[in-house]
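# Results of the structural survey
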Amino acid sequence: MAHTMTAEDLYQDLKKMPTTERQKFFAILSTNAFRSDDMSHEQLFGHLTSDNFTAQESAEYLEVSMSTFRRFVGSGKLNASSTVGRNQMFAVADLKVFKKALKIANG
């Protein structure tokens, strides 16, 4: 009997995927899957609003280098929402607000 993948199965697989592969997946998804659909950011990524990103994932989300990201953290512009071992975690909701502010500041 064939196994049908559910949305939850896909989500769990995406969480296990290396960051670079996840980026490729979302690039393919954004350019191909929703060409005719007019979906909002919330519809596509709303499930991530309560999630946390690592520093590397946060830098990638903000589309900045790690050194620039670390400068944001060091200057207090961004604060970790939690720490797991030695790893700082950053709330997606905070990153979203900060990314909007960056876009406004950069024109």
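Residues numbered from 1 in each chain as written. Predicted model: local features only at pLDDT ≥ 70, side-chain atom pairs only at ≥ 80, totals over all residues. Heavy atoms only, no water.

Running from amino to carboxyl end, helix α4 (residues 55-62) crosses helix α6 (residues 92-106) at an angle of 35°, the nearest separation of the two axes being 10 Å. For the element pair α4 and α6, the recorded crossing hand is right-handed. Contact with α4, carried on its side by S58, Y61 and L62, involves L95, K96, F98 and K99 of α6 and no other residues of that element. The residue inventory of the contact of α4 with α6, partitioned by class, reads 4 nonpolar, 1 polar and 2 charged. (Axes fitted to C-alpha atoms, helices over the stretch in contact; angles between N-to-C directions. Helix = DSSP H or I, 4+ residues; strand = E, 2+ residues; numbered from the N terminus. Left-handed = near helix turned anticlockwise from the far one by under 90°. Contact = heavy atoms within 4.5 Å. Nonpolar A, V, L, I, M, F, W, Y, C, P; charged D, E, K, R; others polar.)

Leaving glycine aside, a negative phi is the common case for residues, and trans is the common case for peptide bonds. A positive phi is found at E63, a non-glycine position, where the angle reads about 60°. Secondary-structure assignment places E63 in the loop between α4 and α5 (66-74). Classification of E63 as exposed rests on a relative accessible area of 61%. (Buried < 20%, exposed > 50% of the residue type's maximum accessible area, 1.4 Å probe, protein only.)

The subject of this paragraph is the pairing of strand β3 (residues 87-91). In the sheet, strand β1 (residues 52-54) pairs with β3 via 3 bridges, with the strands oriented antiparallel. In the strand pairing of β3, F53 is matched with F90. As paired elements, strand β2 (residues 82-84) and β3 share 3 bridges and run antiparallel to each other. Paired with S82 across the bridge in β3 is M89. The antiparallel hairpin formed by β2 and β3 contains 2 residues in its connecting segment, where G85 sits at a positive phi of about 65°. (Pairing = 2+ DSSP bridges.)

Time to look at the packing of aromatic side chains. Counted under the stated rule, the structure contains 4 aromatic pairs. Judged by centre distance (6.0 Å) and plane angle (70°), the ring pair of F53 and Y61 falls under edge-to-face. Y61 carries the same exposure label as F53, and that label is buried. Where F72 meets F98, the ring centres are 4.9 Å apart and the plane angle is 70°; that geometry is what we call edge-to-face. Placement of F72 in helix α5 and of F98 in helix α6 is noted, with a sequence separation of 26 residues between them. (Phe/Tyr/Trp six-rings, centres within 6.5 Å; stacked < 30°, edge-to-face > 60°.)

Here we take up the side chain of K99. Along the chain, K99 falls in helix α6. One polar contact links K99 to E63, side chain to side chain, over a distance of 3.0 Å. (Polar contact = N/O pair within 3.5 Å; in protein donor to acceptor, adjacent residues only side chain to side chain.)

Right, let's get into the sheet that holds β1. Spatial ordering of the open sheet is given by β1-β3-β2, a layout of 3 strands whose pairing is antiparallel. Pairing within the sheet leaves two strands with one partner each, and these edge strands are β1 and β2. Here the strands of the sheet are splayed against their neighbours by 40° on average, with no regard to which way each runs.

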